[in-house]
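One-letter residues, chain by chain:
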Amino acid sequence: MKFLKQSKFALIMIATVLLWVKTYITYKATFHISTDNAMQEFILFINPISFLLIIFGISMFLKEKNRNRYILISSLLISGILYANIVFYRFFNDFITLPLLFQTNNFRDLDSSVMAEMHLTDLVYFIDFFILALIIYLKPKFIEHQPFTKINRRVFYLVTAAIVFFNLGLAETERPQLLTRTFDRELLVKNIGPFNYTLYDIYLQSKTTAQKALASSDDLVEIENYVRANEKSPNPKMFGKAKGKNVILISLESTQSFVINSTVNGQEITPFLNDFIKESYYFPNFYHQTGQGKTSDSEFLVDNSLYPLGRGAVFFTHSNNEFRALPEILSENGYFTASLHANNKGFWNRDIMYNALGYNRFYSMEDYEITDENSIGWGLKDIPFFEQSIQHLQNMPKPFHAKFITLTNHHPFELGEEDQLIEPYNSNSNTVNNYFVTVRYTDEAVKRLIEELKASGIYDDSIIIMYGDHYGISENHNKAMSQYLGKDITPFETAQLQRVPLIIHIPGEKGKTIEEVGGQIDLKPTILHLLGIDTGSDLEFGQDLFAKGRTDLVVFRDGRFITNHFVYVDGICYDKSTGEPTDEGLCGPYREKALTELEYSDKIIYGDLLRFFDEDGNIINKE
Ligand code: GP9
Ligand code: MN
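Residues numbered from 1 in each chain as written. Chains lettered and ligands numbered in written order. Predicted model: local features only at pLDDT ≥ 70, side-chain atom pairs only at ≥ 80, totals over all residues. Heavy atoms only, no water.

Attention now moves to the coordination of the manganese ion (ligand 2). Looking at the metal site, the manganese ion (ligand 2) is ligated by Glu253 (OE), Glu253 (OE), Thr295 (OG1), Asp469 (OD) and His470 (NE2), spaced 2.1 to 2.4 Å from it. Coordination geometry of the manganese ion (ligand 2): the 6 donor atoms subtend angles of 56 to 169° at the metal centre, consistent with an arrangement described as irregular. Read in sequence order, the donor residues coordinating the manganese ion (ligand 2) give the pattern E-x41-T-x173-D-H. Placement of the pair is Glu253 in the loop between strand E1 (246-252) and strand E2 (263-264) and Thr295 in helix H13 (residues 294-304), with a sequence separation of 42 residues. (Donors = N, O, S within 2.8 Å, 3.2 Å for Na, K, Ca; no water. Tetrahedral: all angles 85-135°; square planar, octahedral: opposite > 155°, others 65-115°. Helix = DSSP H or I, 4+ residues; strand = E, 2+ residues; numbered from the N terminus.)

Here it is, written out as structure tokens:
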């Protein structure tokens, strides 16, 4: 490797090594990427190299002055990409995708949250850049410019290409179908590195843009066959149980199931919900299935019984699509349909998407009196939100379908002292400490709403469905969570922590606890069947939670899945009763089904396939 020893490559090598080392340290220190074996660790270690060599190698074609400038600017830009992912990761525990960058409507409100995740000390993430700049400025002898020969360049790129294939080859053996059927971004970054991942994301973006134009009604046939084969007929005991009743949905912001029937500092966290559960149907093994679209993804799942997208928020990317959503169907059945949420109406593009989903009315920020006194963090506090919403409810035509979206229990979980009903927890994470306090507050707000509903006579005429929209505590807080729960947070526990409460209250019914697994995708058919509305012609992936003989499978957006007995994470099948890995074959049959569902659902959305489908469930040939 004589060429490497020649100092003419020195600057390229220095720039590469600096960023390589930094990226690897970031994997460990910031992204907390862990590996299961030496091979995975090796892939993780080498994966930044190929991209860096390709980029810095371009400098071989430049003159000295331009060469230095090019290397410096590239290094800064690459560091910028890494840093943007670091900040994003702190907040969302995920990596950036291109569609997210187009969600400009969300930026105003996100400002405070994002700023809270940026610190002056983050300058350490640019140390390598300063070192590089210093070296270039000092111009030591070993980086002196020497022209590259054609042979130099060829050898350089041959070696680089070999590294690329070596990396991809290892990754493919470690994780088959990595680039074709992987929905988990952490796995991608683990195997190909954050920079190649960014390129791959650009490729995916162009591919999905083309998908709609190329789609035709033929694509629906296979999907429809799959859906029809998986349909379960409703439970005759429950079908029509709530016929003609109002439908009140309450989206509990960031509420996870671990707070239910639990205490902090000896005090109940959700005293009201704990009581309410006793007179309702309660599903302790119900999971959120959201992706990057967070609350909007949960709304999408509940309304459409389709999966959200693996990249970006479908509320933003596909609001022009044809849907067959819950509000539209209820509207056709004589319901007035509304969503109530005291945030700016463009957040998550709701004002546009709600039209596509068939909401008759969106009560947003403009419909509420919001002052400094009655708001905190993201906006109007839940108690005044419900107080003011009752007025809207009373004015609605009946029967109505009203969805309330709460907000106070949102990161960073702020609450004024006067509203704190319990003491914060005591751990190294303020997020976790304060989370309990805001959950407790929302519990109180819901209690007051129910009292108001009773007082106004609406209660006995309504089914009330409460669900958690997504997790509130990310893996960044595992240490504090482990302290609170008194156990290690393994990948198995992390998956189990994605449980969110689901409570269904039907007037006149005693209710009970149903242990079978379920997910947000199952709510649409569940609700429609309770109202006595047939769903046989809908194209959807959920199954009525009360149906007999349901498939026990809950698929997460990143490909993890849960059954009544197993939890599947990252190639490992865990036995639920022990939390320990078991024979992978036991998860095998479910794995194929999970991937197929995600793929079919994506096809429907990317191809806008529901435009080829009429209300009666017939495929039509509309272009
Ligand atoms: C914003 C609210 C919170 O309107 O729904 O959004 P989230 O950050 O939870 O997706
Ligand atoms: Mn939310």
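This paragraph deals with the nonpolar core. The nonpolar side chains of a soluble globular protein tend to be buried, and buried together. Leu393, Phe436, Leu453 and Met466 are the most contacted members of the largest nonpolar core, which has 55 residues in total. Counting residues per element, the ones that place at least two in this core are E1, helix H12 (271-278), strand E6 (336-340), helix H17 (382-395), strand E10 (400-405), helix H18 (430-455), strand E11 (462-468) and helix H19 (478-485). The element that contributes the greatest number of residues to this core is H18, accounting for 11 residues. Here Met466 is in contact with Ile250, Leu252, Leu273, Phe276, Val446, Ile450, Pro501, Leu502 and Ile503, once residues within four sequence places are set aside. Judged by nonpolar contacts, the second largest core, of 50 residues, contains Phe300, Val314, Ile604 and Leu609. (Core = buried A, V, L, I, M, F, W, Y, C linked by side-chain atoms within 4.5 Å. Buried < 20%, exposed > 50% of the residue type's maximum accessible area, 1.4 Å probe, protein only. Contact = heavy atoms within 4.5 Å.)

This part covers the sheet that holds strand E17 (residues 572-575). The strand order across the open sheet built from 5 strands is E14-E15-E16-E17-E18, with neighbouring strands paired in antiparallel fashion. The outermost strands of the open sheet, each flanked by one partner alone, are strand E14 (554-555) and strand E18 (580-582). Two strands pair when backbone bridges link them, and E14 and strand E15 (residues 561-562) are joined in this way by 2 bridges, in the antiparallel orientation. Pairing of Val554 across the sheet is with Ile562, part of E15. (Pairing = 2+ DSSP bridges.)

For the protein chain, the assigned domains read domain 1 (2-208) and domain 2 (233-544). Once you take the C-alpha centre of each, domain 1 and domain 2 turn out to be 39 Å apart. Tallying the contact residues gives 25 residues for domain 1 and 21 residues for domain 2. Approximately 1,900 Å² of surface area, both sides summed, lies buried where domain 1 meets domain 2, with 47% of it carried by carbon and sulfur atoms. On the domain 1 side of the contact with domain 2, Asn93, Asn106 and Asp109 bury the most area, a combined 26% of that side's loss. The interface formed by domain 1 and domain 2 includes 1 salt bridge. (Domains from an automatic or database assignment. Buried area = accessible area lost by both parts, 1.4 Å probe. Salt bridge = Lys/Arg side-chain N within 4 Å of Asp/Glu carboxyl O.)

Here we take up the state of the cysteines. In this structure the tally under the stated criterion is 1 disulfide. Shown here is the disulfide that connects Cys573 with Cys587, its sulfur atoms set 2.0 Å apart. Residues Cys573 and Cys587 are joined through a disulfide that is right-handed, its torsion about the S-S bond being 75°. Here Cys573, found in strand E17, pairs with Cys587, found in the loop between E18 and helix H22 (588-606); they are 14 residues apart in sequence, far enough to count as distant. (Disulfide = S-S within 2.5 Å.)

Turning next to a nonpolar patch on the surface. On the surface, a nonpolar cluster with roughly 350 Å² of combined accessible area is contributed by Met39, Phe42, Phe45 and Phe166. In this structure, Phe42 sits in helix H3 (residues 38-46). Of the residues examined, Phe42 reaches a relative accessible area of 36% and is grouped as partly exposed. (Patch = residues over 30% accessible without salt bridge, like charges linked within 9 Å, V, L, I, M, F, W, Y side chains within 5 Å. Areas by Shrake-Rupley, 256 points an atom, 1.4 Å probe, with all protein chains shown as cover.)

Contact geometry of H17 with H18 gives a least axis separation of 8 Å together with a crossing angle of 25°. Looking at the two axes, H17 sits roughly parallel to H18. Helix-helix and strand crossings are classified by hand; for H17 and H18 the assignment is right-handed. Between H17 and H18, the residues in contact are Asp382, Ile383, Pro384, Phe386, Glu387, Ile390 and Leu393 and Tyr441, Thr442, Glu444, Ala445, Val446, Arg448, Leu449, Glu452 and Leu453, respectively. Considering only residue class, the contact of H17 with H18 consists of 10 nonpolar, 1 polar and 5 charged. (Axes fitted to C-alpha atoms, helices over the stretch in contact; angles between N-to-C directions. Parallel < 35°, antiparallel > 145°, perpendicular 65-115°, else oblique. Left-handed = near helix turned anticlockwise from the far one by under 90°. Nonpolar A, V, L, I, M, F, W, Y, C, P; charged D, E, K, R; others polar.)

Here we take up the pairing of strand E16 (residues 566-569). By the alternation rule, side chains of E16 split into Phe566 and Tyr568 and Val567 and Val569, which are all buried. Remark: 3 residues form the turn of the hairpin made by E15 and E16, two consecutive strands paired antiparallel. Here E16 pairs with E17 via 4 bridges, running antiparallel. By the bridge assignment for E17, Tyr568 is matched with Cys573.

Below, the discussion takes up the site of ligand 1. Around ligand 1, the neighbouring residues are Glu253, Lys294, Thr295, His341, Asn343, Phe347, Trp348, Arg350, Trp378, Leu407, His410 and His470. Between ligand 1 and His410 there is a distance of 2.7 Å, counted from an oxygen atom to a side-chain nitrogen or oxygen. A per-class count over the shell around ligand 1 returns 4 nonpolar, 5 polar and 3 charged. (Near = heavy atom within 4 Å. Polar contact = N/O pair within 3.5 Å; in protein donor to acceptor, adjacent residues only side chain to side chain.)

Turning to the packing of aromatic side chains, a few remarks are in order. All told, the structure shown has 47 aromatic pairs when counted by the stated rule. Consider the rings of Phe315 and Tyr354, whose centres lie 6.3 Å apart with planes at 80°: the pair is edge-to-face. With Phe315 in helix H14 (residues 314-317) and Tyr354 in helix H16 (residues 350-357), the pair connects residues that are 39 residues apart, well separated along the chain. Members of the aromatic cluster, each reached through a chain of ring pairs, are Phe258, Phe413, Tyr425, Tyr435, Phe436 and Tyr484. One cation-aromatic arrangement involves Arg361 over Tyr363; the distance from NZ or CZ to the ring centre is 4.1 Å. (Phe/Tyr/Trp six-rings, centres within 6.5 Å; stacked < 30°, edge-to-face > 60°. Lys NZ or Arg CZ within 6 Å of the ring centre and 35° of its normal.)

Let us now look at the layout of surface pockets. Empty space left among the atoms is revealed by rolling a probe the size of a water molecule over them. For the second largest pocket, the calculated volume is near 530 Å³. In this structure, the second largest pocket is lined by 23 residues; those nearest its centre are Thr180, Phe183, Leu204, Lys207 and Asp602. Taken together, the elements giving at least two residues each to the lining of the second largest pocket come down to helix H10 (185-214) and H22. A total of 10 residues in the lining of the second largest pocket trace back to one element, the largest contributor, which is H10. (1 Å grid on protein atoms, 1.4 Å probe; cavity = no way out; pocket = protein on both sides within 12 Å on 5 of 7 lines; lining within 4 Å. Points joined across faces, edges and corners; volume = space filled by probe spheres on them.)

On to the pairing of E11. Across the 7 residues of E11, 7 count as buried, placing the element largely inside the fold. By the alternation rule, side chains of E11 split into Ser462, Ile464, Met466 and Gly468 and Ile463, Ile465 and Tyr467, which are all buried. Pairing geometry for E1 and E11, over 7 bridges, is parallel. Bridge assignment links Ile248 to a residue of E11, and that residue is Ile464. Where E11 and strand E12 (residues 502-505) come together, 4 bridges link them in antiparallel fashion. Its bridge partner being in E12, Met466 is matched across the sheet by Ile503.

Between helix H4 (residues 49-57) and H10, whose axes approach to 6 Å, the crossing angle comes to 75°. For the element pair H4 / H10, the angle class is roughly perpendicular. For the pair H4 and H10, the contacting residues are Ser50, Phe51 and Leu52 in the first and Phe195, Asn196 and Leu199 in the second.

Going from Lys398 to Pro399, the amide bond is cis rather than trans, its omega being -10°. In this fold, Pro399 is placed in the loop between H17 and E10. The phi dihedral of Asn261 is positive, around 50°, even though this residue is not glycine. Residue placement: Asn261 occurs in the loop between E1 and E2. Overall, the relative accessible area of 52% leaves Asn261 in the exposed class.

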